[in-house]
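# Architecture at a glance
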Amino acid sequence: MTTADRLPPPTATPQDRVRRHLTVRGAVQGVGFRPFVYTLAEEFGLTGWVANDAHGVRTEVEGPAAAVDAFTAAIGTRAPPLAVVESVRPRPVPALNGGSGFTIRPSASSGAGRTLIPPDTATCDACLAELADPADRRHRHPFITCTHCGPRFTVVTGLPYDRPRTTMAGFPMCPDCAREYADPADRRFHAQPIACPSCGPRLALSRGPGDPGALHDGDALAEARRLLAEGAVVAVKGIGGYHLACDASDPTAVRTLRKRKNRGGKPFAVLADSLETVRRLARVDEAERELLTGPRKPVVLLRRHPAPSTDVAPGVAPGSPDLGVMLPYTPLHRLLLGLPGDPPGPPVLVMTSGNRSGEPIVTDDAEALIRLDGLADAWLRHDRPIHVPCDDSVVRICAGAELPVRRSRGYAPLPLALPLPVLPALAVGGDLKNTFCAADDRYAWLSAHVGDMDDLATLTAFAKATAHLTALTTVAPRLLVADRHPGYRSTQWARRTAEARGLPLRQVQHHHAHVASTMAEHGLDGAAPVIGVAFDGTGYGDDGAVWGGEVLIADYDGFQRFAHLRYAPLPGGDAAVRNPYRMALSHLRAAGLPWSDGLPCAAIAPPGERRLLERQLERGLNCVPTSSMGRLFDAVSSLAGVCHRVEYEAEAAMRLENAALAAEGTDGLRDDGRGRAYGFILGAEPDGPELPLTADPSPVLAAAAEDVLAGVPAPTVARRFHRAVTGLVRDVCAAARRRTGVGTVALTGGVFCNALLTEGCSAGLEEDGFTVLRHRKVPPNDGGLALGQLMVAARTKE
């Protein structure tokens, strides 16, 4: 904008004056939008008012027509950085030809409508500078915030967004804060979470329930830093829940936390004090740097340096070439890691969700003392309530683009624009990595990460979170949508709720929902189908089998199963998932291959179990057929000697990817010319229907077994297997295009969290002339399932 653009308009006669009412919709509450409108009106010399209401922000301005036009244009294009302006709807109103100045009116609390609450946002640079400035009255204040940063989603209790409708309602502003809050020139003008050491929340540190010697404020923080430096595990209350923290460089502390949390070998995420420290831990490209330092500050999965850093003990992420890293996103995190002049402390902290294995993240202080007892040595808490839990988001950069693994803090509850209108509906997702989705018309709101629906605490958290999100979005569901799996707890909850409310329930096939999710986030209207490659671990199939290696010709209205991985028995159900060697032996037997004692998967199985498993497979006892690509990854992981037993979901597949990354002398997943390629057989079943085609992994398993017996290293076997799967995807998509003419491919399902596979498939398919859709906004795993459920079940005709 030039200086001339900012000059006040010429004096107008009463006849030149116009008055205009504008309704601004979007994420426009809690982001400094009313102060922005106030300042903008003053810039253009306009009179009038601005207020929040249930629709968003309403304003009326009056002045010369040219100035009102300029104001109308600028309100959407010059909005504050955290704002998301969905629409600006102006309408003329009669000019008053009187009055002076511009005012911020109290919010209107009644009337139907919808506005968007922004997500919690990392502390801005201006607040960080004040936090470290001894001359500033908020020096070392753990709750420093302004209109551009801080908690929003986790503190709001109702709309319109004003302090009385947040968890800051119990903290009356002191005179200094009240003065800043009322000053249009101040950065905290109408910042609802505004506080200072005189009037804001307070820190407290205790050693357990009933600890009479609890420390407060600066003393509490100093003691927490001392305990962390000495190897203790400290429960730290953040924006969206508690974390369990320890010194990442201390092997004993890391081992203690892992044992107490029953974490197994699952990698921990870490919190680093600076980007410079992160660069000591891992490689950081420009896209990763932007994620680490941007306003969302998620956990970013980074490729570690070959030489390990002493800042992180080996037990933090054992056997993984990747490390999940985040930078401080709250002032309390910044203070825990230390300001200039503080006593030395750990530059990197393990920062993992404050919960017991399988339970949701803890948010309540009294509950934290009970549920985290035995896990933590001390509790660093504060007295600002958390209204809704919100775990950390996890992302990675894949082929130069963002790939969400878990979409939560910093992202939820920002809406996703839909390519077609939907009924007011609630889709409940799946049972693993659960998120749900509320939607109406052309917008959908995905929830924060809920977790695995395997205990009462998670189901309770799920019910509370659905009530909170539907209230904030004013979505009154006329339809519930769930997965077709009859045993899913999410489906059972939806069925009970639908019956109690008298609502219809629609159920959507798992992999169809995955494909629809990809289509929706790319804005496809469903007029043309796509080739949906849906690879995951488990999904209830229409024939009662466990699907998971599916290629569908799909749109929103339905799908045709074009191809799938050949069925193999899943011996013992969950027992085969927990013990990949069982899946390896099952696949070998299905391929007609012997269980040679020289194969790691056969050698690891106890002789008695091998005999029982053989009889079980012969008789088909408790052996549901599965086409799961995730289970094939598990099988090859054990066959190659990489992983035989798992302690967390997808561990065997992740370790197989890690092994493939360790293979030398290769260029991506292209054939390096140094060894034979593995390959699937793709064709119709003998004497069966023409479709679906079957991808038979027998040649892949035979070649891999031969390599293993010949002493070929596991990383080479892993790389060749990944190359085989990439080749299968290219072959089956080419076959689908020949038969149907469809040239767009959607890659989806949890297997495509594998960056090596995703990059290889994308590059190969694009080379073959396909348009490739990859997940960029929602996770490919079940964390994005609810979006696809909605698009299949809840669409309306325009």
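Keep in mind it's a predicted model, so treat the numbers as computed, not measured. Sequence order as written defines the numbering, with residues in each chain counted from 1. For this predicted model, a pLDDT threshold of at least 70 governs which residues receive local features, and a threshold of 80 or more governs which side-chain atom pairs are given and counted, while totals over whole chains, interfaces and linings are taken from all residues. Excluding hydrogens and water, the side-chain figures rest on all heavy atoms present in the structure.

Counting its regular elements, the protein contains 24 helices and 29 strands. Summary of the burial criterion: residues with accessible area below 20% of their type's maximum are buried, those above 50% are exposed, and those between are partly exposed, where the area comes from a 1.4 Å probe applied to protein chains only. A burial count over the protein gives 59% of its 798 residues as buried. Any two residues whose heavy atoms approach within 4.5 Å are treated as being in contact. Taking the intrachain contacts of the protein between residues at least 6 apart in sequence as the baseline, contacts between residues at least 24 apart amount to 72%. Accessible surface, the protein as shown: approximately 29,900 Å² in total, 52% of it carbon and sulfur. Working convention for charge: Lys and Arg count positive, Asp and Glu count negative, and His plus the chain ends are omitted. Every charge is mapped onto a representative atom, which is NZ of Lys, CZ of Arg, CG of Asp or CD of Glu. Distance from the positive charge centre (87 side chains) to the negative charge centre (88 side chains) of the protein: 2 Å. Helix and strand definitions here come from DSSP, where helices need a minimum of 4 consecutive H or I residues and strands a minimum of 2 consecutive E residues; each element is numbered from the N-terminal end. Accessible surface area values rest on a Shrake-Rupley calculation with a 1.4 Å probe, where residue burial reflects the displayed protein chains alone.

Any two strands are treated as partners once DSSP identifies two or more bridges connecting them. As defined by bridge partners, strand 15 (residues 394–398) adjoins strand 16 (residues 401–406) across five bridges and the pair is classed as antiparallel. Looking at strand 16, one finds that C398 is bridged to A401. The hairpin turn running from strand 15 into strand 16, its antiparallel successor, is two residues long, and A399 in that turn takes a positive phi close to 55°.

In helix packing, the relevant descriptors are the interaxial angle and the interaxial distance, both defined with respect to the helix axes. Between N-to-C directions, angles span 0 to 180 degrees; the directions come from axes that are lines fitted to C-alpha atoms, helices contributing only their stretch in contact. Running from amino to carboxyl end, helix 22 (residues 714–740) crosses helix 23 (residues 755–767) at an angle of 40°, the nearest separation of the two axes being 9 Å. Every pair of crossing elements has a handedness; the one defined by helix 22 and helix 23 is right-handed. Two secondary-structure elements touch here, helix 22 through R719, H722, V725, T726, V729, R730 and C733 and helix 23 through L756, L757, G760, C761, G764, L765 and E767. Side-chain classes are defined by residue name, with Ala, Val, Leu, Ile, Met, Phe, Trp, Tyr, Cys and Pro counting as nonpolar, Asp, Glu, Lys and Arg as charged, and the others, Gly among them, as polar. Classifying every residue of the contact of helix 22 with helix 23 by side-chain character gives seven nonpolar, four polar and three charged. Two helices cross in a left-handed way if the nearer one is turned anticlockwise from the farther one by less than a right angle. They cross in a right-handed way if the turn is clockwise.

On to the sheet that holds strand 18 (residues 437–446), then. Judged by pairing direction, the sheet is mixed, and its four strands sit side by side in the order 18-17-19-20 without closing on themselves. Of all strands in the sheet, those with a lone pairing partner are strand 18 and strand 20 (505–508), marking the two edges. Put simply, the sheet's adjacent strands are angled 60° from each other on average, direction ignored. Strand direction decides the pairing type here: strand 19 (residues 479–483) and strand 20, joined by four bridges, are parallel. By the bridge assignment, L480 is partnered in strand 20 with L505. Across the sheet, helix 13 (residues 489–501) lies against strand 17 (416–427), strand 19 and strand 20, angled at about 155° from strand 19, the strand it touches most.

Now for the pairing of strand 9 (residues 242–247). For strand 9, the tally of buried residues reaches six of six residues, placing the bulk of the element in the interior. One ladder, built from four bridges, connects strand 8 (residues 234–237) with strand 9; its direction is antiparallel. Bridging from a neighbouring strand, V236 pairs with H243 of strand 9. In this structure, the hairpin formed by strand 8 and strand 9 is closed by a connection of four residues, where G241 is found at a positive phi of approximately 155°. As judged from the five bridges shared by strand 9 and strand 13 (residues 348–353), these two strands associate in the antiparallel manner. When the bridges of strand 13 are listed, A245 appears paired with M351.

Here we come to helix 23. Each helix should span, by expectation, one fewer than its residue count multiplied by 1.5 Å. For helix 23, which comprises 13 residues, the first-to-last C-alpha distance of 18 Å matches the rise-based estimate of 18 Å (1.5 Å per residue) to within 8%. The set of residues buried in helix 23 consists of A755, L756, L757, T758, G760, C761, S762, G764 and L765. Each element contacted by the buried residues of helix 23 is listed here: strand 15, helix 19 (629–639), helix 20 (651–662), helix 22, strand 28 (744–748) and strand 29 (771–773). Pairs of N or O atoms are called polar contacts if they sit within 3.5 Å, as long as, within protein, a hydrogen donor faces a hydrogen acceptor (for residues adjacent in sequence, only side-chain-to-side-chain pairs). Where helix 23 begins, one side-chain oxygen reaches toward the backbone nitrogen of L756, 3.1 Å away; that side chain belongs to N754. G769 sits one or two residues past helix 23 and shows a positive phi near 90°.

With that settled, the discussion passes to helix 2 (residues 33–43). Counted residue by residue, helix 2 has nine buried out of 11 residues, so it is predominantly covered. Phi turns positive, to about 70°, at G45, one or two residues after helix 2.

With that settled, consider the environment of R582. As for its placement among the helices and strands, R582 is situated in helix 16 (residues 580–590). Accessibility expressed as a relative area gives 9% for R582, which makes it buried. It is 8.7 Å that separates the C-alpha atoms of R582 and R610, two residues lying 28 residues apart in sequence. Engagement of the side chain of R582 in a polar contact is seen with the side chain of E609, the distance being 2.7 Å. A polar contact of 3.2 Å, which involves the side chain of R582, links it to the side chain of Q616.

Now for the packing of helix 20 against helix 22. Remark: helix 20 packs on helix 22, axes separated minimally by 7 Å, with the N-to-C direction vectors making an angle of 105°. As judged from the angle between their axes, helix 20 and helix 22 are roughly perpendicular. Seen from helix 20, the contacting residues are L656, E657, A659, A660, L661 and A662; seen from helix 22, they are P715, A718, R719, F721 and H722. Taken together, the residues that form the contact of helix 20 with helix 22 break down as eight nonpolar, one polar and two charged. By the definition adopted for this analysis, an angle is roughly parallel if under 35 degrees, roughly antiparallel if over 145, roughly perpendicular if from 65 to 115, and oblique otherwise.

Moving on, we get to empty space enclosed by the protein. Only protein atoms enter the 1 Å grid, on which a cavity is a set of points fitting a 1.4 Å probe that cannot get out and a pocket is an open set with protein on both sides within 12 Å along at least 5 of 7 lines, lining residues being those with an atom within 4 Å of a point. Grid points are joined across faces, edges and corners, and a volume is the space filled by probe spheres set on the points. One pass over the full model with this rule turns up six cavities of 30 Å³ or more. By volume, the largest cavity amounts to about 140 Å³. Taken together, 17 residues line the largest cavity, and the ones lying closest to its centre are P142, I239, T330, P331 and R384. Class assignment of the residues belonging to the lining of the largest cavity gives a composition of eight nonpolar, seven polar and two charged.

Let us look at the sheet that holds strand 2 (residues 47–53). Strand order in this open sheet of five strands is 4-1-3-2-5, and the pairing throughout is mixed. Only two strands of the sheet have a single neighbouring strand rather than two, namely strand 4 (84–93) and strand 5 (102–104). In this sheet, neighbouring strand axes are inclined to one another by 15° on average, regardless of whether the strands run parallel or antiparallel. Here strand 2 runs beside strand 3 (residues 56–64); their pairing, made up of seven bridges, is antiparallel.

Any Lys or Arg side-chain nitrogen found within 4 Å of a carboxyl oxygen on Asp or Glu counts as a salt bridge. All told, the structure shown has 42 salt bridges when counted by the stated rule. With a closest N to O distance of 3.8 Å, R406 and D391 form a salt bridge. In this pair, R406 sits in strand 16 while D391 sits in the loop between strand 14 (378–382) and strand 15, placing the two residues 15 residues apart along the sequence. Overall, R406 belongs to the partly exposed group, its relative accessible area being 22%. Connected through salt bridges with shared partners, the residues R17, R19, E60 and E62 form a single ionic network.

Function cannot be inferred from these measures alone, as they are strictly geometric.
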